[in-house]
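Architecture at a glance
Single-letter residue listing:
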Amino acid sequence: MAFFKKKECGKDYPKDTVILHQFPRGPYAPSMSGFCIKLETFLRMANIPYQNVHAYKTGPKGKSPWIEYNGDVMADSQLIMSFLSDKLEIDLDKTLSKEQRATARAFQKMVDEYTYWSVLLERWVYHRGESCKTITKLPSLVVWEIGRRTKNMAYAHGIGRHTQQEVDLNLEADLTALSDFLGDKKFMFGDEPTEVDCAIFGQVSQVKYHVPDAVKAKQFLKDCVPNLDAYCERMKERFWPDWDECVTNGFTKEATK
Amino acid sequence: MENIKLFCTTNWINITAGLAISVTTIIILRKIRNRPKKRVCGIDYPADTVILHQFERGKTAPSVGHFVMKLETFLRVNKITYQSDFNFRNGPKGKVPWIEYNGTTMGDSHMIIEMLNKEFKIDMDSHLSEYEKAVAWAIQKWIEEYMYWLNVHTRWVILTSEMFEEGLANFSSALKPLIRRKALDMTFKVGIGRHSNSEVHDLMVNDLRKFSQLLGNKNYIMGDKMAVVDCAAFGILSQIRWCTPSKCPGTKLLHSGELSNVVSYMDRIKNTYWPDWESLTADK
């Protein structure tokens, strides 16, 4: 039986530094998980010192990302963001009114609880074969198992009961809503980014970088909602100047950060 | 007798296989015999009438189904002729509500509404700009994909016993452990089931407060006129207010008077489109 030593802050990991546990770097974006990109973008936006631990090991809720911070172990990107904002007295939404904060909550839930599932189905179920050739080097048996579990979970959620065409249309509806809300603005709520931009960038970056070309939404993003595509580039330039060091460039090199 | 015993002991493998095959065949034949007959419009159900398949009426609200309340509110707001059919099983997507209409069978409240919009040339969102439609879509997704699951987990995992004690469940309490296990399986896969009870309660309370801030002094979410998102909001919120046990902090909050704008909003929709609320929820 393996003995798991409880880690000690100050000994096993530094104090006042978020230890961000997340999946290994992705081929074309810093992660294949929209939630890992969301949380890491938040840490950069809020200037919170952090260190990465790249592994497939999941955290206390059985998912990734998760963190260790000054003795606390936490999971769930949104709960982590609330926790750190409270602890460090940060408020990335300080310029927003109460109604705007609630609208931001709605968009965050839309992308994290709906767009997310559409992307999973496109990647691991409808276009699994192409994903194996282009965006993952995991063995095909592992990818088959991921697809089986995704189908099972998506069925429980409800979205997995729809046809592929219905899911394609729902994903386009989400991207259209984001584009229409963004309009001419630089970020979702104006000239400066707010917390919800982390969640939106996290999930939309998966459509832009980490689904096979055969996925209709990928072309839809470029051709039909170009302002949203440009917004992704803007978030990338603003918070990820080291983007090239955080990707494997199609598995041709190691990510150095 | 001795011969029978000898026969059984020497042929037990064949006997067991034979019994297993017989039982399986009987089960399959019964399933084939009992499968629902394809219904014919004009014979099995009237033409030009939406047949709304839903759960049996609830004791504290017309339905214990979040999306049933959403869809039935939509039908009433748009004065679409419909009939309720309480045979809710065997819907095309395995969920409730589902409809039959002029030979078409459909599941999923959103897709049903889209079909009915085309059929009856209606559009509850026609007064909204593209920007406002985007906001309404996001709010609808928040309520249907998050608040809904918070309430499902609260009702059927955290407070399952209370659902039966307060007479809010529509079926036998013998099914309680099965329902709880199935609900937890679903909410765990969705993600919300991985949170602690107190986290789920806090999330619901915070979301209700945020919804109240979003609604503000407006009559409806997007202004003075109802939109589809209001049908969705009424569907989900009606369950939290009237069909979730009183121990639920979200339910307590709605009854506390703190979110008076949300309560007035719900009463506005209930009084306008559900004048028969009391008769539909008469104690059975």
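Nothing here was measured: the structure is a model prediction, and the numbers come from that model.

What about the overall build of chain A?
Tallying secondary structure elements over chain A gives 9 helices and 4 strands in all. Element order for chain A, N to C, with α for helix and β for strand: β-α-β-β-β-α-α-α-α-α-α-α-α. By the compact-globule yardstick of 18 Å for 257 residues, chain A fits well, its C-alpha radius of gyration being 18 Å. Counting only C-alpha atoms and orienting by the principal axes, one finds that chain A spans roughly 50 × 50 × 35 Å. Looking at chain A residue by residue over its 257 residues, the buried ones come to 56%. If you average the places of the 36 positive and of the 36 negative side-chain charges in chain A, the two averages end up 6 Å apart.

Describing the overall build of chain B
Across its full length, chain B holds 12 helices and 4 strands. Across its three principal directions, the C-alpha atoms of chain B cover 90 × 50 × 40 Å. Sequence separation of at least 24 residues holds for 73% of the intrachain contacts in chain B that already meet a minimum separation of 6. Between the averaged position of the 37 positive side-chain charges in chain B and that of its 30 negative side-chain charges there is a distance of 6 Å.

Some details on the packing of aromatic side chains
This structure, assessed with the given rule, holds 20 aromatic pairs over all chains. Between Phe107 of chain A and Phe181 of chain A, the ring centres sit 4.4 Å apart and the planes meet at 35°, which makes this aromatic pair tilted. On the criterion of sequence distance, the pair formed by Phe107 of chain A in helix H3 (residues 98-126) and Phe181 of chain A in helix H6 (residues 164-182) is long-range, its members being 74 residues apart. Cluster of aromatic residues (ring-pair linked, three or more members): Phe107, Phe181 and Phe189 of chain A together with Tyr131 of chain B. Taking NZ or CZ as reference, Lys185 of chain A lies 4.6 Å from the ring centre of Phe181 of chain A, over its face.

Section: the interface of chain B and chain A
Each partner contributes residues to the interface: chain B has 31 residues there, and chain A has 34 residues. Between chain B and chain A the total buried area reaches about 3000 Å² when both faces are included, carbon and sulfur atoms providing 62% of it. By the criterion of area lost to chain A, the three top residues of chain B are Lys93, Lys189 and Arg194 of chain B, representing 20% of everything that side buries. Viewed at the interface, chain A and chain B are joined by 4 salt bridges.

With respect to the sheet that holds strand E3 (residues 98-101) of chain B
Residues and elements named next belong to chain B. Taken together, 4 strands build an open sheet; the order of strands is E2-E1-E3-E4 and the sheet is mixed. Both outer strands of the open sheet, strand E2 (82-85) and strand E4 (104-107), are each paired with one neighbouring strand and no more. Going from strand to strand, the sheet's axes swing by 20° on average, the running direction of each strand aside. Two strands pair when backbone bridges link them, and E3 and E4 are joined in this way by 4 bridges, in the antiparallel orientation. Counted as the bridge partner of Ile99 is Met106 from E4.

Details of the environment of Lys133 of chain A
Within the element layout of this structure, Lys133 of chain A appears in helix H4 (residues 128-134). Taking the C-alpha atoms as reference points, Lys133 of chain A and Pro212 of chain A, separated by 79 residues in sequence, lie 8.8 Å from one another.

Procedures and definitions
- Residues numbered from 1 in each chain as written.
- Chains lettered and ligands numbered in written order.
- Predicted model: local features only at pLDDT ≥ 70, side-chain atom pairs only at ≥ 80, totals over all residues.
- Heavy atoms only, no water.
- Helix = DSSP H or I, 4+ residues; strand = E, 2+ residues; numbered from the N terminus.
- Rg over C-alpha atoms; globule rule 2.2 N^0.38 Å.
- Buried < 20%, exposed > 50% of the residue type's maximum accessible area, 1.4 Å probe, protein only.
- Lys, Arg positive; Asp, Glu negative; His and termini not counted.
- Charge placed at Lys NZ, Arg CZ, Asp CG, Glu CD.
- Contact = heavy atoms within 4.5 Å.
- Phe/Tyr/Trp six-rings, centres within 6.5 Å; stacked < 30°, edge-to-face > 60°.
- Lys NZ or Arg CZ within 6 Å of the ring centre and 35° of its normal.
- Buried area = accessible area lost by both parts, 1.4 Å probe.
- Salt bridge = Lys/Arg side-chain N within 4 Å of Asp/Glu carboxyl O.
- Pairing = 2+ DSSP bridges.
- Axes fitted to C-alpha atoms, helices over the stretch in contact; angles between N-to-C directions.

Everything listed here is a matter of geometry and, on its own, says nothing about what the molecule does.
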